[in-house]
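Here is what each chain is made of, one letter per residue.
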Amino acid sequence: MIKYNEKSRTFYLGNEYVSYIFKILENEQLGQLYYGKAIKDSKNFDHLFESEPRPMTVCTFDGDMKFSLEYIKQEYPSYGTGDMRHPAIDILQENGSRIIDFKYQSHEIIKGKPELKDLPATYVEHDDEAETLSVSLYDDLIDAKLILTYTIFKDRPVITRNAYIENCGDTEFRLNRAMSLSLDLPDKDYDMIELTGAWSRERHIKSRKLEHGIQSIYSLRGISSANFNPFIALKRYDCNENSGEVLGFSFVYSGNFLAQVEVDTYDISRVSMGIHPHNFSWKLRKGESFQTPEVVMVYSDKGLNGMSQTFHKLYQSRLARGKFRDEARPILVNNWEGTYFDFDEEKILSMAKQSKELGVELFVLDDGWFGVRNDDTSGLGDWYPNLDKLPNGISGLSKKVTEMGIKFGLWIEPEMVNKDSELYRKHPEWTLETPNRKSSHGRHQHVLDFSNPDVIDYIYKMISKVIRESDISYIKWDMNRSLSEVYSNVHDSESQGKVMHKYVLGVYRLYEMLINEFPDILFESCSSGGSRFDPGMLYYAPQCWTSDDTDAIERLKIQYGTSLVYPLSSIGAHVSAIPNAQVFRNVPIETRANVACFGTFGYELDVNKLSEEDKKVIVEQIKFMKDNRKLLQFGTFYRLKSPFEGNETVWMVVSEDKDKAIVGYYKTLQKVNCPYNRVKLQGLDPEKKYEVSINDYEAYGDELMNVGMITTDRSSGEQKDINKAEGDYSSRLYILTAK
């Protein structure tokens, strides 16, 4: 898959889906030639390298008016030697200069994919799944090594990128910018897609046309954030869900990031992705190094669905790890929206008993079980049971729950502390707080300094003790604020620019410690819902609480946008009580479940307050989910109609053998005297005949995909005897079974 032509000094990475080509330039730096649909290898691609003399250029070689880095597509550019665009790397040297010149030194091609030290990344289980190219470059003046690493997967249109910088000399320097990816594309004829929003409306799909200048998304919150997800896609103007070319870029990281497309006035589009350079500064002394996180690049000529399905399958099976990677997830009840902080052991046991009777497999106790914790102003950091609420502690409670025949799960927020806590009174210096300045709070809480190994060890000791003494099958790891006044008491003044990144590495370290000791626990990440829903988290926790907004109609947009990158097996989705706690909407329980079942299904309510009618409905919902969750969580997912574009949302999931499919159809508002309606399906076998539920007819796959499946309802005629499957906020699940 990876070849090097010594005569033309060209690197070719390719499989049957994608090709990536670059070369060693005349100045010994690396130039980009092609990235896109698979093309055959050739001994020489020099004709793709174009360089013409232009006015106002700064040229590299005396007398040569053509070779100017300002107009040359590069692999990992720097600023100031002709190229005046944003660089991939910035190094401040002892004499104040930022001019660098990394020249080709050597390269290595190996089978498989090496791990990244202390960082999450995609992986292979067998070396024949991928090949990796490492290109070593060197700057002789500052004695610095730069290694660019590329991995191409054999059976996927996937290439990953990362960079490694090492100081090999006696003089220290400061790394102020180190992108994981820089890619120069030959034109700007793309729409840039991003996933943006805020708390309770995470990952809404936005699109903008590339224009001259900079288009970017970012986070400076210390977390990847609900505001911008660490992902962008560049799609051609004619690309839609099912056809056309698109390039996807996903950053495997959980902290500050920058994803940027800079278009110069000659229409070259420079894609950059990596740790945000603001507040980042990393001094490297002799022998010290810095490793950037990974960027995953996906090429699709089968539209956005093709791109998404590649991300889904890769992240399901070669990013997520552990026991639950390939397992259908347990159906749970979480008590949070049912009780909030107002509970005791008797109430929890009663809820667990009722949950078991409904068919639920896992009961989760959320916030309020520890320290002195009756509201959100106190207790965080004191990870020992609140014996006033739970006289037998978590150990006793969990064992009583599991004796009922239902598993027990627990909520934690290990990165935070309240000032009203024993931990803060004992160690006030363990928070991120700038000396002699006011410290802001969020949700009455402050951020522990996870760049300090002592803090991590202390929290690990407390939480692991609770887990070790109890019957716990699931941990929900929450994180409910952004980082502010970031300053660490354990780092000197020259190292404060490392704190944001070291904080993220500390989070990863604590995750690794816990999952190594407790491999049978299912971890779910959370950050006020979806504020840290990113690939870095999926490496440690195979699912994420997608949003605190549990309203089914709002969730259509949230889950639709999330599915652009993330697999259904990672999307935490629950049925909650009505009126909804976030938007006060009354959505039928059928629709609440029909949305939530396309994810890791559960309930977020007080089961003891359910009506007898709702209990009967829930029993049937749980039975349906148990019968179909493997398909719903691991099947091939297609988006068919977008909630961002109309009154209807439609999506579907298809089994690997294409013998079964489930179509989710959702209508926000009921309309009157409407046209007949069909939806063209995707992913079926055109030669197989399918029995279509609800419609009660049979049709071949080619008809269902090319003519469409009938979704006409009573809105197309007189609206009499309306049932629960119609009216406002209605939904239907169509089951397609091959005959």
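Residues numbered from 1 in each chain as written. Predicted model: local features only at pLDDT ≥ 70, side-chain atom pairs only at ≥ 80, totals over all residues. Heavy atoms only, no water.

(A) Looking closely at the packing of aromatic side chains. Within the structure shown, the criterion is met by 39 aromatic pairs. Centroid distance Phe370 to Trp411: 6.0 Å. Interplanar angle 10°. Geometry classified as stacked. In this pair, Phe370 sits in the loop between strand E22 (362-365) and helix H4 (393-403) while Trp411 sits in strand E23 (residues 407-412), placing the two residues 41 residues apart along the sequence. Grouping residues by exposure puts Phe370 and Trp411 together as buried. Three or more aromatic residues joined by ring pairs form one cluster here, namely Tyr4, Phe11, Tyr20, Phe22, Tyr35, Tyr104 and Tyr150. A cation over a ring is seen here: Arg54 above Tyr71, with NZ or CZ 4.8 Å from the ring centre. Directly above the aromatic system of Tyr190 lies the positively charged group of Arg236, at a separation of 4.0 Å from the ring centroid. (Phe/Tyr/Trp six-rings, centres within 6.5 Å; stacked < 30°, edge-to-face > 60°. Helix = DSSP H or I, 4+ residues; strand = E, 2+ residues; numbered from the N terminus. Buried < 20%, exposed > 50% of the residue type's maximum accessible area, 1.4 Å probe, protein only. Lys NZ or Arg CZ within 6 Å of the ring centre and 35° of its normal.)

(B) Region of the structure containing the nonpolar core. Among the nonpolar cores identified, the biggest contains 186 residues, and Phe249, Tyr315, Leu365, Trp369, Trp383 and Phe598 are the most heavily contacted of them. With 10 residues, the single largest contributor to this core is helix H7 (residues 499-517). Not counting residues within four places of it along the chain, the set of residues in contact with Trp383 comprises Trp369, Phe370, Trp411, Ile412, Glu413, Pro414, Ile459, Met462, Ile463 and Val466. Residues Leu684, Leu704, Met709 and Tyr734 belong to the second largest nonpolar core, which totals 20 residues. (Core = buried A, V, L, I, M, F, W, Y, C linked by side-chain atoms within 4.5 Å. Contact = heavy atoms within 4.5 Å.)

(C) Highlighting the UniProt feature "active site" (unreviewed entry) in the chain. Those residues carrying the UniProt feature "active site" (unreviewed entry) are Asp478 and Asp548 in this numbering. Over a stretch of 71 residues, the named residues converge on one spot in the fold, their C-alpha atoms separated by at most 11.3 Å. Take Asp478: it is sitting in the loop between strand E26 (474-477) and H7. With residues near it in sequence (within four places) discarded, Asp478 still touches Trp411, Ile412, Glu413, Pro414, Glu415, Cys526, Ser527 and Ser528. At 3.0 Å, the side chain of Asp478 forms a polar contact with the side chain of Trp411. Mapped onto the fold, Asp548 is located in the loop between strand E28 (543-545) and helix H9 (552-562). Apart from the residues lying within four places of it in its own chain, the contact partners of Asp548 are Trp199, Ser200, Glu202, Glu337, Ser528, Gly529 and Gln582. Of the polar contacts made by the side chain of Asp548, one reaches the side chain of Trp199; its length is 3.0 Å. (UniProt positions renumbered as here; feature names shortened; annotations may be inferred. Polar contact = N/O pair within 3.5 Å; in protein donor to acceptor, adjacent residues only side chain to side chain.)

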